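Each chain, letter by letter, is given below.
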2 protein chains.
Amino acid sequence: MAETARHHEPRYGIRPTMKDVAARAGVGLKTVSRVVNGEAGVTPDTERRVTEAIDALGFRRNDSARVLRKGRTASIGLVLEDLADPFYGPLSRAIEEVARAHGALLINGSSAEDADREQELVLAFCARRVDGLIVIPAGGDHRYLEPEIKAGVATVFVDRPAGRIDADAVLSDSFGGAREGVAHLVAHGHRRIGFIGDQPRIHTATERLRGYRAAMEEAGLEVADAWVALGSTEPERVRAAAEAMLSGPEPVTAIFAGNNRVTVTAVRVLAGREHPVALVGFDDIELADLLGITVISQDSATLGRTAAERLFRRLDGVDEAPARVVLPTTLIARGSGEIPPPPGA
Amino acid sequence: MAETARHHEPRYGIRPTMKDVAARAGVGLKTVSRVVNGEAGVTPDTERRVTEAIDALGFRRNDSARVLRKGRTASIGLVLEDLADPFYGPLSRAIEEVARAHGALLINGSSAEDADREQELVLAFCARRVDGLIVIPAGGDHRYLEPEIKAGVATVFVDRPAGRIDADAVLSDSFGGAREGVAHLVAHGHRRIGFIGDQPRIHTATERLRGYRAAMEEAGLEVADAWVALGSTEPERVRAAAEAMLSGPEPVTAIFAGNNRVTVTAVRVLAGREHPVALVGFDDIELADLLGITVISQDSATLGRTAAERLFRRLDGVDEAPARVVLPTTLIARGSGEIPPPPGA
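Residues numbered from 1 in each chain as written. Chains lettered and ligands numbered in written order. Predicted model: local features only at pLDDT ≥ 70, side-chain atom pairs only at ≥ 80, totals over all residues. Heavy atoms only, no water.

Chain A goes by LacI family DNA-binding transcriptional regulator in an unreviewed UniProt entry, where it is assigned to Streptomyces noboritoensis.

See the structure below:
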């Protein structure tokens, strides 16, 4: 697990504390505490000064333990791409387990890979006063989240990093995993390898494409334009892309599938072909063992758990610079990635 | 879709209205509205009388449209068995889509098939003031929910019915589906058929067992004790159960798997055997087409959508008796269920 601090100024350090409020209002810490907790013994004038300081600084109490003591249930919001995608099942479940251990509830929503819908969900969660957010972003610009983060909503991105803001991110090594998978196909004799991936605005799709290109370049292989297809993971699109790169003057002899949705369709296309075509897919799939599908496996439960633990560290008051955590992937050879190219190819 | 009203007295009719509060407090409707909305113009004595009437009647405002007008986001709580089980992915997603169409957020949690945890989650959701609940119950006694339902939290059970209370339930035809699947094996010549199901306290497990027994009886076949195994769906337990019924003096020649978790392990066990054994599984599974697995498919997205639509009808004020909706299943023949018994068996 490589953990890289991206800058050294502690961004979360700018979150105002009770001390900041006390200093600005010119009162003692105990007085701020009384106002915040609605206790007696504060004159109206002092209360007004404290309230003004709280508003001016954007102070918000968000200690999850305190929230629980006060009887309100803590909650965290999770925005993912599609609740129905099996990749997110173990991830959601792992996040839920960590939340449960901290006495917090999980609010869930699917962005359907739509940036506006992601923003709408995130802001609805914030309006609902979630204590923290875990986001698998659909969009590429998260500046809309800055006021919320400043107001104390701890936020961790998972699977894909935030865009245009500096925030925690827990990712799989998409670049390294794809490079390893494609190098594996090269090692089994392939020279013409296709890449079918998700839409190019998705970070993991372009990272995996970069891994593919790196492995090809390291092997001294040119990449024909016809061998790369990024786009929707709908079965019809993937099927058309696979069939296109399997025909023509320079047909591929192997395919690297950029995620589990692509792999499922690729397996169906290849099952119907006369001659075997090698396949390595990013993401493991249930029953892939019985079908002999070689994959680059990422551990979605560990992704979720790592992100949630990071979130609750923030909620418990740990102040560190936002960091990017990158988790390794694992090649699992099961047969489809070890099929050699046909003689003479 | 068979919709059966289970009794005719409109249970939800007992939910008190503002009119009931006004009558009990001896004030006008406008006065109740003022108190409920915190508006001025009510004497302390009148306010006290209205508040007492609200408490006595258990009145709670829960009109989702009103909630939205007031700016608070409506939310519904979903308790399922395991967020990581692929069966619940399309179900959760379908519920989310209906909730979204009504401007409501989804709060999710896994019971892990534990009745106490189910109750803990449900009550945590209620404390969080969800407007409605959709529950896949782990427990068999839901009387703990009666005060919440009386207080106006609309509740719909899905996949399994409520225990000891009268509430809406949206179910698949577990009995009919299992009976059809086992009859299919009988029609292909099998006489010794095993049943491996989930734990006996789970409604769907016993309904499917009942369907198995009905099909065997209709075919004039005795069921040996050794052919029926209910219990955890952990791979080790399913593997042991399958291996036990495939050996011994009267080995089965076919297995009916009671749900998708059982099927996945059964497929692995049967793949390792010298002679083919027939298999039909309840629930469809991704890639089952490529593996040739015959299944009784239930439409988990339609289950979820139907339950959510029913919930929002209640939230929109439709007052009907609780009903049980039963959705049909579909037999999909793909090869494993059409394997004949070995000669002489």
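S.K.: What is the right way to read the sheet that holds strand 13 (residues 330–332) of chain B from this model?
M.R.: Either a parallel or an antiparallel arrangement is found when strands of a sheet pair, and the pairing is made through backbone hydrogen bonds. Residues and elements named next belong to chain B. Spatially, 8-7-9-10-11-13 is the arrangement adopted by the 6 strands of the open sheet, whose pairing is mixed. The open sheet has two edge strands, strand 8 (228–230) and strand 13, and neither has a second partner. On average, each strand axis in the sheet is tilted by 15 degrees relative to the strand beside it, whichever way the strands run. As judged from the 3 bridges shared by strand 11 (residues 294–297) and strand 13, these two strands associate in the antiparallel manner. Following the sheet pairing, Val 295 is matched in strand 13 by Ile 332. Against the sheet, helix 11 (residues 260–271) contacts strand 7 (193–197), strand 9 (254–257) and strand 10 (278–282), and its axis sits at roughly 160 degrees relative to strand 10. (Pairing = 2+ DSSP bridges. Helix = DSSP H or I, 4+ residues; strand = E, 2+ residues; numbered from the N terminus. Axes fitted to C-alpha atoms, helices over the stretch in contact; angles between N-to-C directions. Contact = heavy atoms within 4.5 Å.)

S.K.: So what exactly am I meant to see when it comes to the packing of aromatic side chains here?
M.R.: Two aromatic rings, taken as a pair, are described by how far apart their centres are and by the angle between their planes. In total, this model carries 6 aromatic pairs over all chains according to the counting rule given. Taken together, a centroid distance of 5.4 Å and an interplanar angle of 40 degrees make the contact between A:Phe195 and A:Tyr212 tilted. Remark: A:Tyr212 occurs in helix 9 (residues 203–218) and A:Phe195 occurs in strand 7 (residues 193–197); sequence separation between them is 17 residues. With a centroid separation of 5.1 Å and 75 degrees between ring planes, the pair formed by B:Phe87 and B:Tyr88 is classed as edge-to-face. Assessed through its relative accessible area of 11%, B:Phe87 is described here as buried. On the basis of relative accessibility, which here comes to 3%, the residue B:Tyr88 falls in the buried class. Counting every residue linked through ring pairs, the aromatic cluster contains A:Phe195, A:Tyr212 and A:Phe256. A cation over an aromatic ring shows up here: A:Arg208 above the ring of A:Phe282, its NZ or CZ 3.7 Å from the ring centre. (Phe/Tyr/Trp six-rings, centres within 6.5 Å; stacked < 30°, edge-to-face > 60°. Buried < 20%, exposed > 50% of the residue type's maximum accessible area, 1.4 Å probe, protein only. Lys NZ or Arg CZ within 6 Å of the ring centre and 35° of its normal.)

S.K.: Sorry, what's going on with the interface of chain B and chain A here?
M.R.: Accessible area lost upon the coming together of the parts is a frequently used measure of interface size. Listed by partner, the interface residues are 41 residues for chain B and 41 residues for chain A. Carbon and sulfur atoms supply 53% of the area buried between chain B and chain A, which totals about 3,500 Å² over both sides. For the pair chain B and chain A, the interface holds 10 salt bridges. Put simply, A:Arg268 and B:Asp289 hold a salt bridge, and the shortest N to O gap is 2.4 Å. Of all the elements in the fold, those that place two or more residues in the side of chain B that touches chain A are strand 2 (74–80), helix 5 (88–101), strand 3 (104–110), helix 6 (115–127), helix 11 and helix 12 (288–291) of chain B. The leading source of residues in the side of chain B that touches chain A is helix 5 of chain B, at 7 residues. Tallied by class, residues from the side of chain B that touches chain A come to 19 nonpolar, 7 polar and 15 charged. Bridge count for strand 3 (residues 104–110) of chain A against strand 3 of chain B is 3 bridges, and the pairing is antiparallel. By the bridge assignment, A:Ile107 is partnered in strand 3 of chain B with B:Ile107. (Buried area = accessible area lost by both parts, 1.4 Å probe. Salt bridge = Lys/Arg side-chain N within 4 Å of Asp/Glu carboxyl O. Nonpolar A, V, L, I, M, F, W, Y, C, P; charged D, E, K, R; others polar.)

S.K.: Any chance you could explain the relation of the copies chain B and chain A here in plain terms?
M.R.: The operation linking the two copies of the chain is a rotation about an axis combined with a translation along the axis. Rotating chain B by 180 degrees about the axis while translating it 0.1 Å along that axis superimposes it on chain A, leaving an RMSD of 0.4 Å. Here the symmetry operator amounts to a two-fold rotation axis. Relative to the rotation axis, the closest C-alpha in chain B is found at B:Ile107, a distance of 2.2 Å. (Least-squares fit on C-alpha atoms with pLDDT ≥ 70 in both.)

S.K.: Hey, could you run me through the side chain of A:Asp168 in this one?
M.R.: Residue and element names in this part refer to chain A. The topology assignment puts Asp 168 in strand 6 (residues 168–172). A polar contact is formed between the side chain of Asp 168 and the side chain of Arg 314, at a distance of 2.8 Å. Apart from residues no more than four positions distant in its own chain, Asp 168 is found in contact with Thr 155, Val 156, Phe 157, Arg 310, Arg 314, Ala 321, Pro 322 and Ala 323. (Polar contact = N/O pair within 3.5 Å; in protein donor to acceptor, adjacent residues only side chain to side chain.)

S.K.: For this particular structure, what's the right way to read the nonpolar core?
M.R.: Within soluble globular proteins, side chains that are nonpolar tend to cluster in buried spots. In terms of nonpolar packing, the biggest core is built from 54 residues, with A:Ile76, A:Ile134, B:Ile76 and B:Ile134 touching the most fellow members. Apart from residues no more than four positions distant in its own chain, A:Ile134 is found in contact with A:Ile76, A:Gly77, A:Leu78, A:Val79, A:Ile95, A:Val156, A:Val158, A:Ala307, A:Ala308 and A:Leu311. (Core = buried A, V, L, I, M, F, W, Y, C linked by side-chain atoms within 4.5 Å.)

S.K.: Could you clarify how one ought to interpret the pattern of salt bridges in this entry?
M.R.: Working definition: two side chains of opposite charge can pair if their charged atoms are close together. All told, the structure shown has 44 salt bridges over all chains when counted by the stated rule. Linking A:Asp141 and A:Arg164 is a salt bridge whose minimum nitrogen-to-oxygen distance equals 3.9 Å. Note that A:Asp141 is positioned in the loop between strand 4 (132–135) and helix 7 (146–150) and A:Arg164 in the loop between strand 5 (154–158) and strand 6, a separation of 23 residues in sequence. One salt bridge in this structure joins B:Asp284 and B:Arg334, with 2.9 Å as the shortest N-O distance. In this pair, B:Asp284 sits in the loop between strand 10 and helix 12 while B:Arg334 sits in the segment after strand 13, placing the two residues 50 residues apart along the sequence. Sharing partners across several salt bridges, the network here consists of A:Asp82, A:Arg117, B:Arg93, B:Glu96 and B:Glu97.

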